[in-house]
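# Structural overview for review
Below are the chains, spelled out letter by letter.
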Amino acid sequence: MTDKDFIPSSYTTDIREGKVTYKSPSNIALVKYWGKKEHQIPANPSISLTLDTCATTTTLSYKKLKNKGSDFSFDLLFEGSPKEDFKPKISTFFKRTEPYMPFLKGYHFTIETSNSFPHSSGIASSASGMSALALCLMELERELNPHMDTDFFKRKASFLARLGSGSACRSIEGDMVQWGFHKDTLNSSDLYAIRYPYKVHPIFKNYQDTILLVDKGTKQVSSSLGHNLMHDHPFAEQRFDQAHKNLTKLKRVFEEGNLLEFIKIVESEALTLHAMMMTSMPYFILMKPNTLEIINKIWAFRASSKTHVCFTLDAGANVHVLYPENEKEEVYQFISNELVAYCENGQYICDQIGNGAKKL
Ligand code: PMV
């Protein structure tokens, strides 16, 4: 498919007004997306676990305007109150997606959104937020074009979410999702994410992710800036190549349930992501001293307990602690006895692999 396949030729019905709500989860990448080309095309493929608890719920109310406006018309409410500082991001999203949703300027929208995770927890809400909004808009498009099939609906929702925030395209479905073309993954695309189509060993079912909130402040460097710094980065090509290779290796790991290999790839990906930040120009560090304390504790505990606990990081200081469900009790004891002390105000979130976005 190309991006032209997402431009509708015409709409068959006339919809005056309506309302739709979606709850869409966040996701955590195992192979990281870091670096992009024009139009939100990833520099390398990535794969993620869809989360369950960390989610955004968005209600979109729409009302057809008498005359199509010259600009987008919308109000935004975050947790019940108007939120002006979120509006530029939504405007950019509308601008980027208008060629694929030509109805956008014909409606007034009210977007009401809220997160399941604590406000300013340092958890990026862009993946869950942009995917929830993309799904609501697709629901309106499906009303305008009632014959749309479900596969196209999901694919286009992912395509649109990508234009809001790259990683958001991986939040439409569960439980393991790949975004970006890879030679060994059938139907993989840079334009949208797909459910990982190969065999996954039952050990990965209900995989646990406890998110340790090390630093709840806003990041000093945004993801978009970080992605841009991969242009002219001295290690960019090697890094993109490594991501392809890690995906190839993971195929076998997923099939066989080889957790020792899984851990090596996942932790190396997390550290490489941060190594890219530290070696860009300008360079920057998003980890905090407590991030490193936690990593060292995880390594020591893994060696002594023979469990398969490991960590991954997103573009921040928080640590995602990953482990199989059958080790839940032992690892959870360890987290509460030894790791919670490194969290800001002792805060953490217990999450696990989930099934993707839901219409409410
Ligand atoms: O979707 P963005 O532009 O916020 O980028 C997300 C990048 C990482 O979270 C660091 C990695 C990933 O693949 O999710």
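Just so you know, these numbers come straight off a predicted model, no measurement behind them.

Glancing now at the overall build of the chain. Tallying secondary structure elements over the chain gives eight helices and 14 strands in all. In terms of C-alpha radius of gyration, the chain reaches 20 Å, essentially the compact-globule figure of 21 Å for 360 residues. Oriented by its inertia axes, the alpha-carbon framework of the chain measures out at about 70 × 45 × 40 Å. Scored against the burial criterion, the 360 residues of the chain give a buried share of 54%. For the chain, contacts bridging at least 24 residues in sequence account for 76% of all contacts bridging at least 6. On the chain, the mean spot of the 42 positive side-chain charges and the mean spot of the 41 negative ones are 3 Å from each other.

Okay, the site of the ligand next. With respect to spatial proximity, the complete set of residues near the ligand consists of Ala29, Lys32, Tyr33, Trp34, Ser165, Gly166, Ser167, Arg170, Ser223, His227, Leu273 and Ala315. Contact distances for the ligand include 2.9 Å between an oxygen atom and a backbone N or O atom of Tyr33. The separation between an oxygen atom of the ligand and a polar side-chain atom of Ser223 is 3.3 Å. Surface burial for the ligand is 89%, taken as the share of its 390 Å² of free accessible area covered by protein chains. Among the residues making up the shell around the ligand, the classes are represented as five nonpolar, five polar and two charged.

Here we come to the environment of Val31. Tracing the chain through its elements places Val31 in strand E1 (residues 17–31). As for Val31 and Lys245, which are separated by 214 residues in sequence, their C-alpha atoms are 10 Å apart. Apart from the residues within four sequence positions on either side, Val31 is in contact with Pro45, Ser46, Ile47, Arg239, Ala243, Asn246, Leu247, Leu250 and Glu269.

How each quantity is defined
Residues numbered from 1 in each chain as written. Predicted model: local features only at pLDDT ≥ 70, side-chain atom pairs only at ≥ 80, totals over all residues. Heavy atoms only, no water. Helix = DSSP H or I, 4+ residues; strand = E, 2+ residues; numbered from the N terminus. Rg over C-alpha atoms; globule rule 2.2 N^0.38 Å. Buried < 20%, exposed > 50% of the residue type's maximum accessible area, 1.4 Å probe, protein only. Contact = heavy atoms within 4.5 Å. Lys, Arg positive; Asp, Glu negative; His and termini not counted. Charge placed at Lys NZ, Arg CZ, Asp CG, Glu CD. Near = heavy atom within 4 Å. Polar contact = N/O pair within 3.5 Å; in protein donor to acceptor, adjacent residues only side chain to side chain. Areas by Shrake-Rupley, 256 points an atom, 1.4 Å probe, with all protein chains shown as cover. Nonpolar A, V, L, I, M, F, W, Y, C, P; charged D, E, K, R; others polar.

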